[in-house]
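The lines below spell out each chain.
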Amino acid sequence: MKHKVVLLSACFVLTIGSFCIMQSVSADDGREAISVGLVGEEISVAQQASPVALDSFTATPNVAIPDNTYNGALGSMACSTISTLSLPVSSFVGAAQVQIAMSHTFVCDLTIKLVSPAGSILGLVSRPGVVETADNGNDTAGFGENSNLLVPNPLTYSDSATVLSEQMGKVPIDLATGQTICVDGGTPCIYRPAPGTVVGLTGFAGFDGQDARGNWQLCIGDAAAADTGTFASWTLTLASFPTTAAKVSVSGRAVTPSGQAISNALLTLTGGDLTQPRYAKTNVFGYYKIDDLAVGQFYVLTIEARRHTFANPTQAINLDGDVAGLDFVSTR
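Computed from a predicted model, the values in this text were never measured in an experiment.

Caption draft 1: Highlighting the environment of Met102. Structurally, Met102 can be placed in strand E8 (residues 91-104). Relative accessible area serves as the criterion here: at 5%, Met102 is assigned to the buried category. Residues Met102 and Ile220, 118 residues apart in the sequence, show an inter-C-alpha distance of 9.8 Å. Not counting chain neighbours up to four residues away, the residues in contact with Met102 comprise Ile65, Leu110, Ile112, Leu149, Leu150, Val151, Ile220, Thr230, Phe231 and Ala232.

Caption draft 2: The sheet that holds strand E19 (residues 297-304), seen in detail. With antiparallel pairing, four strands are arranged side by side in an open sheet as E17-E16-E19-E20. Because the sheet does not close on itself, it has two edges, and the strands there are strand E17 (278-281) and strand E20 (314-319). Ignoring strand direction, the axes of neighbouring strands in this sheet form an average angle of 25°. Taken together, the four bridges between strand E16 (residues 266-271) and E17 define a ladder with antiparallel strand orientation. The residue of E17 that forms the bridge with Leu266 is Lys281.

Caption draft 3: Structural detail: the pattern of salt bridges. Applying the stated criterion across every chain yields a total of four salt bridges. A salt bridge links Asp135 to Lys113, with the shortest nitrogen-to-oxygen separation between them at 2.8 Å. Placement of Asp135 in the loop between strand E10 (121-126) and strand E11 (155-157) and of Lys113 in strand E9 (residues 110-115) is noted, with a sequence separation of 22 residues between them. Residue Asp135 is classed as buried on the basis of its relative accessible area, which comes to 19%. A salt bridge links Lys170 to Asp174, with the nearest nitrogen and oxygen atoms 4.0 Å apart. A relative accessible area of 52% means that Asp174 is categorised as exposed.

Caption draft 4: Summary view of the sheet that holds strand E7 (residues 78-83). Ordered by their spatial adjacency, four strands build an open sheet running E7-E13-E9-E10, and the pairing between neighbours is antiparallel. At either end of the open sheet lies a strand with only one pairing partner, and these are E7 and E10. Ignoring which end each strand starts from, the neighbouring axes of this sheet average 15° apart. The sheet contact formed by E9 and E10 spans five bridges and is antiparallel. The partner of Thr111 across the bridge, within E10, is Ser126.

Caption draft 5: Broad picture of unusual backbone geometry. The peptide bond linking Val171 to Pro172 adopts the cis configuration, its omega dihedral lying at 5°. With respect to the element layout, Pro172 can be found in the loop between E11 and strand E12 (190-191). If you check the backbone angles, Cys182 has positive phi at about 75° while not being a glycine. On the basis of relative accessibility, which here comes to 15%, the residue Cys182 falls in the buried class.

Caption draft 6: Expanded view of the pairing of strand E14 (residues 229-242). Most of E14 is tucked away: twelve of the 14 residues are buried. One ladder, built from seven bridges, connects strand E5 (residues 53-59) with E14; its direction is antiparallel. Paired with Ala59 across the bridge in E14 is Trp234. Sheet topology note: the E8/E14 ladder contains 13 bridges and is antiparallel.

Caption draft 7: Spatial organisation of the nonpolar core. If you look at the biggest cluster of nonpolar residues, it comprises 38 residues, and the most contacted ones within it are Ile100, Leu124, Tyr157 and Trp234. Only E5, E7, E8, E9, E10, E11, strand E13 (215-222) and E14 provide two or more residues apiece to this core. Among the elements that line this core, the one with the most residues is E8, at five residues. Formed by 21 residues, the second largest nonpolar core is a distinct cluster that contains Val250, Ile262, Ile317 and Leu326.

Caption draft 8: Seen up close, the packing of aromatic side chains. Counting across every chain of the model gives six aromatic pairs. For the ring pair Phe92 and Phe241, a centre distance of 5.5 Å and an interplane angle of 20° mean the geometry is stacked. Linking Phe92 in strand E8 with Phe241 in strand E14, this pair joins segments that are 149 residues apart in sequence. Of the residues examined, Phe92 reaches a relative accessible area of 13% and is grouped as buried. Classification of Phe241 by relative accessible area gives buried; the value is 0%. Three or more aromatic residues link up through ring pairs in this structure, and these residues are Phe204, Phe207 and Trp216.

Thresholds applied
- Residues numbered from 1 in each chain as written.
- Predicted model: local features only at pLDDT ≥ 70, side-chain atom pairs only at ≥ 80, totals over all residues.
- Heavy atoms only, no water.
- Helix = DSSP H or I, 4+ residues; strand = E, 2+ residues; numbered from the N terminus.
- Buried < 20%, exposed > 50% of the residue type's maximum accessible area, 1.4 Å probe, protein only.
- Contact = heavy atoms within 4.5 Å.
- Pairing = 2+ DSSP bridges.
- Axes fitted to C-alpha atoms, helices over the stretch in contact; angles between N-to-C directions.
- Salt bridge = Lys/Arg side-chain N within 4 Å of Asp/Glu carboxyl O.
- Core = buried A, V, L, I, M, F, W, Y, C linked by side-chain atoms within 4.5 Å.
- Phe/Tyr/Trp six-rings, centres within 6.5 Å; stacked < 30°, edge-to-face > 60°.

Given below as structure tokens:
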């Protein structure tokens, strides 16, 4: 069956790029597919319509990167933590990117890792230009890329970038010692993660669907002696979606012992997460329905009708899903 689709789009310009939302709404079932992108990145989340939040969080550790200590473990790196607990409860990641301001005089020394609140690790950079056999700080091919980084020229890491971080300092030209990425030779300021031997995710998309709230950690390691640097600051930008508790319904019919419909009977629902009662009336065929109830809640449903009494006018309901056929039968 074909579905009629309406496309809605909006884009917002950020200091680190652009953020776009595209919504496709099916006219047949009312469901919505939302695509979110940071700096052109696209991900898709199929869900009921819900708002998109774009938030940036910045930390300024301003710490020296330990020289020649990296051995693959986070404990051997200069790490900084950002808390995103200010996000609404039950927010999940739709898209992410990172911008880092740091200095260093030999980028091939560096391994950079982003760790989510769930503990997932994404290697943003893994010793560019160096042939590695394991994520342990060692190499088998000597020196790699020898260009520099400066704090006033931060780099952004995003799945949308066309140049891999492995090519830092080599594209569009191979920078010489003393030259700086994002300054000399037309080198870009944005790169796509190249995890190399770092075990974990292959891109920011791997975080999609994870809880956005919690402690995010960025760690920078140095695996060679002599050249040093400073981890000045970093910014984490998240597009997040607040999840909505599943909604269910209760429905049924009010009838006489002979099966005749009872119309205009009043049903009162209390309990659960309700702050006030919910009401419904049966139609001319005796049917009723109460929608938009939270799943996993315990409710009490009561019926009353003129000229009718019920053997069981009150029923207790534990809603684990939609409840249909919850009928009330009068005594006469």
